Amino acid sequence: MRTIQRTLFDWRAMGWNAYIPLVTGLVVLAYSLLAKGEERSILSMMEILLPAFSAWWSIFIFQDILDEPGGETLFSYPQSRWAIGLKRVLIFFMLYVLLITLILLVYSLILKHSFWGVTELQLIVQSLFFSALGYFLVVLLKSCSWAMLVTAAYVSFQVLTRGSVFPWSNLYFFHIHRPSGPEVLSKLVVILVVGLILLFSAQLAINRLEKFNE
Amino acid sequence: MQNLELKQISKVFSKNKVLDDITLTIPPGSFGLLGPNGAGKTTLMRILATLIEPSSGKIEYGTVDWRQKGNARQLIGYLPQKFSMYKHIKVKEALKHIADLKNLPTLTEQSLKEILNKVNLHEQADKKIGTLSGGMIRRFGIAQAIIGEPRIIIVDEPTAGLDPEERIRFRKVLRNLSQNSTVLISTHIVEDIEATCSAAAFLVDGQLVRSGSISEIARIAEGKVWELEVGAGVFYEDQWEVMSSRAVGDKKILRIFSETQPPNAISVPPSLQEGYLYITRNNSR
């Protein structure tokens, strides 16, 4: 109950930033419904927009704590740094998974054509990576704007180059049809591992944090 | 109420020693921590607020050791130098949330009212924090610090950036709080300490150079402060170090800081400000 109340408070504390991923989800859904049958463009739209916007919540739930002056006050309350950091990131990631699931559900109900299974798994693992990247960047830079800019720069670079420059850093697949398990599995494992490393590195940085925005 | 004991506290940030072997007893009531910018006051406040750990030394309040952060955090309320949080949230909702984060029972309307009355924010209870003035946000900062009636309230640069009226109001709030808690105020504004504290300590370059009652600290400049009556158009700034001047009729009375007696000047009791200047000048590295 307490966790739900605190999550609702975190949601309201984000102000209009809380709604951006929802609006993005609606845009993706509307596009997917309008472009019925255009599997390639729907997959591209979903892959480019849905995972990237999972960074939004994991960045902005730290606005009051790391970006605003005085956020250090929260560290003087009897709360563990795990509860301030990783726990909240994971809660909002779970909410984002729910959002992705809802979008895919509505799509499959209306068009009788589903992206369940491998596509959903791919989107969730990519979203975990972006949630972790957002968390890592906001802890490192202590600025939501800079964390968003770096994330946007990464997405733009990969999408514009179709992942061909520095392919080792590309987490996109750019499928032209629904992927099968063996096609994506090994790369998804790598993305998952990198995501987990980012998550725990960010948490370690928060555990050791001694300099705060003034 | 008990004393807050700091024993041989040092802090090093990547080879830079910011605090050097601070041993200090802070009695109940309001206590000032004075020092110029860069003296290490904020670092010491953050150590006391459990945000950072000292490189060595220990802090105790009765049986509570600061190494047990959870226990120490139940004792403290903290307001940092700059405070700006939860702009999209209403004052009373934010206070209820903070009570929850402090693991306290849900704040009743009555206890909320009492906290808001203490900081004179009752009329802003339903306003979003982002719409409050700078002074009101500082008072909200104090409100969040006093939730749960902590025994130790730590306030860093409490009146920085406030207008004179708000500054007076804020000092009054701090004085009232010191009746039931230890209020530790860090500042480089001497008037804040004079107006609110009965005792203080001086930090210069990370070292504790003096502590004691306000009058004891002021007395360190005894025999070095003089008053001299001069004509209204006379300026002595080049000859003597004039601290202040006030007009009395068609004359001016200069307050001079000097190791030796200026001609015709009379010795006067020094203020805390003068004690502060004497200490910082004689202890700067």
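Residues numbered from 1 in each chain as written. Chains lettered and ligands numbered in written order. Predicted model: local features only at pLDDT ≥ 70, side-chain atom pairs only at ≥ 80, totals over all residues. Heavy atoms only, no water.

## Remarks on the overall build of chain A
Phase 1 of the analysis: Across its full length, chain A holds ten helices and zero strands.
Phase 2 of the analysis: For chain A, the N- to C-terminal ordering of α and β elements is α-α-α-α-α-α-α-α-α-α.
Phase 3 of the analysis: A globule of 214 residues ought to have a C-alpha radius of gyration of about 17 Å, and chain A, at 18 Å, matches this closely.
Phase 4 of the analysis: Structurally, chain A occupies a C-alpha span of about 55 × 40 × 25 Å along its principal axes.
Phase 5 of the analysis: By residue count, 55% of the 214 residues in chain A fall in the buried class. (Helix = DSSP H or I, 4+ residues; strand = E, 2+ residues; numbered from the N terminus. Rg over C-alpha atoms; globule rule 2.2 N^0.38 Å. Buried < 20%, exposed > 50% of the residue type's maximum accessible area, 1.4 Å probe, protein only.)

## A look at empty space enclosed by the protein
The rolling of a water-molecule-sized probe over the atoms marks out the regions of remaining empty space.
Phase 1 of the analysis: As enumerated under the stated definition, the model contains three cavities of 30 Å³ or more in all.
Phase 2 of the analysis: Estimated volume of the largest cavity: approximately 50 Å³.
Phase 3 of the analysis: Taken together, P69, G70, E72, N213 and E214 of chain A together with T42, R46, Y78, P80, Q81, K82 and D156 of chain B form the lining of the largest cavity.
Phase 4 of the analysis: Considering only residue class, the lining of the largest cavity consists of three nonpolar, four polar and five charged. (1 Å grid on protein atoms, 1.4 Å probe; cavity = no way out; pocket = protein on both sides within 12 Å on 5 of 7 lines; lining within 4 Å. Points joined across faces, edges and corners; volume = space filled by probe spheres on them. Nonpolar A, V, L, I, M, F, W, Y, C, P; charged D, E, K, R; others polar.)

## Focus on the sheet that holds strand β14 (residues 266-267) of chain B
Residue and element names in this part refer to chain B.
Phase 1 of the analysis: Overall, antiparallel pairing links the four strands, which are arranged β12-β13-β11-β14 in an open sheet. Looking at the sheet topology across the chains shown, the edges are occupied by β12 (241-248) and β14.
Phase 2 of the analysis: Across seven bridges, β12 lies against strand β13 (residues 251-257) in antiparallel orientation. Bridge assignment links V242 to a residue of β13, and that residue is I256. (Pairing = 2+ DSSP bridges.)

## Some thoughts on the environment of E47 of chain A
Residues and elements named next belong to chain A.
Phase 1 of the analysis: Its place among the elements puts E47 in helix α3 (residues 39-49).
Phase 2 of the analysis: The spatial distance from the C-alpha of E47 to the C-alpha of K211 is 36 Å, given a sequence separation of 164 residues.
Phase 3 of the analysis: Look past the residues within four positions of E47 in its chain and what remains in contact with it is Q122, L123, Q126, L171, Y172, F173, F174 and H175.
Phase 4 of the analysis: Engagement of the side chain of E47 in a polar contact is seen with the side chain of Q126, the distance being 2.9 Å.
Phase 5 of the analysis: Within the local environment of E47, its side chain forms a polar contact with the backbone nitrogen of F173, the two atoms lying 2.6 Å apart. (Contact = heavy atoms within 4.5 Å. Polar contact = N/O pair within 3.5 Å; in protein donor to acceptor, adjacent residues only side chain to side chain.)

## Notes on the interface of chain B and chain A
It is common to report an interface's size as the accessible area lost on association of the parts.
Phase 1 of the analysis: Contacts between the two partners involve 32 residues from chain B, matched on the other side by 26 residues from chain A.
Phase 2 of the analysis: Of the roughly 2,800 Å² buried where chain B meets chain A, counting both sides, 54% is carbon and sulfur surface.
Phase 3 of the analysis: Considering only the side of chain B, the residues that lose the most area to chain A are R46, L51 and R73 of chain B, jointly responsible for 21% of the buried surface there.
Phase 4 of the analysis: At the junction of chain B and chain A, the tally comes to six salt bridges.
Phase 5 of the analysis: Two residues, E93 of chain B and R12 of chain A, come together in a salt bridge whose shortest N-O distance is 2.7 Å.
Phase 6 of the analysis: Taken together, chain B and chain A are joined by 18 residue pairs in polar contact (both at pLDDT 80 or more).
Phase 7 of the analysis: For the side of chain B that touches chain A, the secondary structure elements donating two or more residues are β1 (4-13), α1 (41-48), β6 (76-79) and α3 (91-101) of chain B.
Phase 8 of the analysis: With six residues, α3 of chain B is the single largest residue contributor to the side of chain B that touches chain A.
Phase 9 of the analysis: Residue classes in the side of chain B that touches chain A are distributed as 15 nonpolar, eight polar and nine charged. (Buried area = accessible area lost by both parts, 1.4 Å probe. Salt bridge = Lys/Arg side-chain N within 4 Å of Asp/Glu carboxyl O.)

## A short note on the packing of aromatic side chains
How two aromatic rings sit relative to each other is given by the distance of their centres and the angle of their planes.
Phase 1 of the analysis: Under the counting rule described, the total for this entry stands at 19 aromatic pairs over all chains.
Phase 2 of the analysis: One aromatic cluster in this structure is built from W11, Y19, W57, F92 and Y96 of chain A.
Phase 3 of the analysis: Geometry around F13 of chain B places K211 of chain A over its ring, the cationic atom sitting 5.4 Å from the centre. (Phe/Tyr/Trp six-rings, centres within 6.5 Å; stacked < 30°, edge-to-face > 60°. Lys NZ or Arg CZ within 6 Å of the ring centre and 35° of its normal.)

## A closer look at the pattern of salt bridges
Pairing is possible between side chains of opposite charge, provided their charged atoms come close.
Phase 1 of the analysis: Tallied over the full model, the rule gives 21 salt bridges over all chains.
Phase 2 of the analysis: Overlapping salt bridges, with partners in common, bring together R139, E165, E166 and R169 of chain B in one network.

## What about the confidence of the model for chain B?
Phase 1 of the analysis: For chain B, per-residue confidence averages 90 on the pLDDT scale, and 98% of positions sit at 70 or higher.
Phase 2 of the analysis: With pTM at 0.87, the complex prediction returns an ipTM value of 0.88. (pLDDT = per-residue confidence, 0-100.)

## Details of the side chain of S84 of chain B
Phase 1 of the analysis: Position of S84 of chain B relative to the elements: it lies in the loop between β6 and α3.
Phase 2 of the analysis: Of the residues examined, S84 of chain B reaches a relative accessible area of 15% and is grouped as buried.
Phase 3 of the analysis: Only 3.2 Å separates the side chain of S84 of chain B from the side chain of E68 of chain A, close enough to count as a polar contact.
Phase 4 of the analysis: The residues touching S84 of chain B, leaving out its near neighbours within four places in the chain, are E68 and P69 of chain A.

## Remarks on the domain arrangement of chain B
Phase 1 of the analysis: Per the domain assignment, the segments of chain B are domain 1 (4-217) and domain 2 (223-268).
Phase 2 of the analysis: Each of domain 1 of chain B and domain 2 of chain B has a C-alpha centre, and these two points are 38 Å apart. (Domains from an automatic or database assignment.)

## Side note on the UniProt feature "transmembrane region" (unreviewed entry) in chain A
Residue and element names in this part refer to chain A.
Phase 1 of the analysis: Following the UniProt record, one finds the feature "transmembrane region" (unreviewed entry) at residues 16-35, 41-62, 89-111, 123-141, 148-168 and 188-206.
Phase 2 of the analysis: With 73% helix and 0% strand, residues 41-62 has end C-alpha atoms that lie 34 Å from one another.
Phase 3 of the analysis: A helix fraction of 100% and a strand fraction of 0% characterise residues 188-206, whose end C-alpha atoms lie 27 Å from each other. (UniProt positions renumbered as here; feature names shortened; annotations may be inferred.)

## With respect to the UniProt feature "domain: ABC transporter" (unreviewed entry) in chain B
Phase 1 of the analysis: Per the UniProt annotation, the sites labelled "domain: ABC transporter" (unreviewed entry) are residues 4-230 of chain B.
Phase 2 of the analysis: Across residues 4-230 of chain B, helical content stands at 33% and strand content at 30%; the span's end C-alpha atoms are separated by 48 Å.

## As for the nonpolar core
Phase 1 of the analysis: The biggest cluster of nonpolar side chains holds 148 residues, and the ones touching the most others in it are F130 of chain A together with W66, Y86 and I142 of chain B.
Phase 2 of the analysis: If near-sequence neighbours (up to four positions away) are discounted, I142 of chain B is found in contact with L79, V119, V155, F170, V173, L174 and L177 of chain B.
Phase 3 of the analysis: In terms of nonpolar packing, the next biggest core, distinct from the first, is built from eight residues, W226, L228, W240 and I256 of chain B among them. (Core = buried A, V, L, I, M, F, W, Y, C linked by side-chain atoms within 4.5 Å.)

## Observations concerning the sheet that holds strand β7 (residues 152-156) of chain B
Residue and element names in this part refer to chain B.
Phase 1 of the analysis: The strand order across the open sheet built from six strands is β6-β7-β8-β3-β9-β10, with neighbouring strands paired in mixed fashion. With one partner strand each, in any of the chains shown, β6 and β10 (207-213) form the two edges of the open sheet. Between one strand axis and the next, the sheet turns through 15° on average, direction left out of account.
Phase 2 of the analysis: Contacting β6 and β7, helix α5 (residues 134-146) runs over the sheet at an angle of about 165° to β6. (Axes fitted to C-alpha atoms, helices over the stretch in contact; angles between N-to-C directions.)

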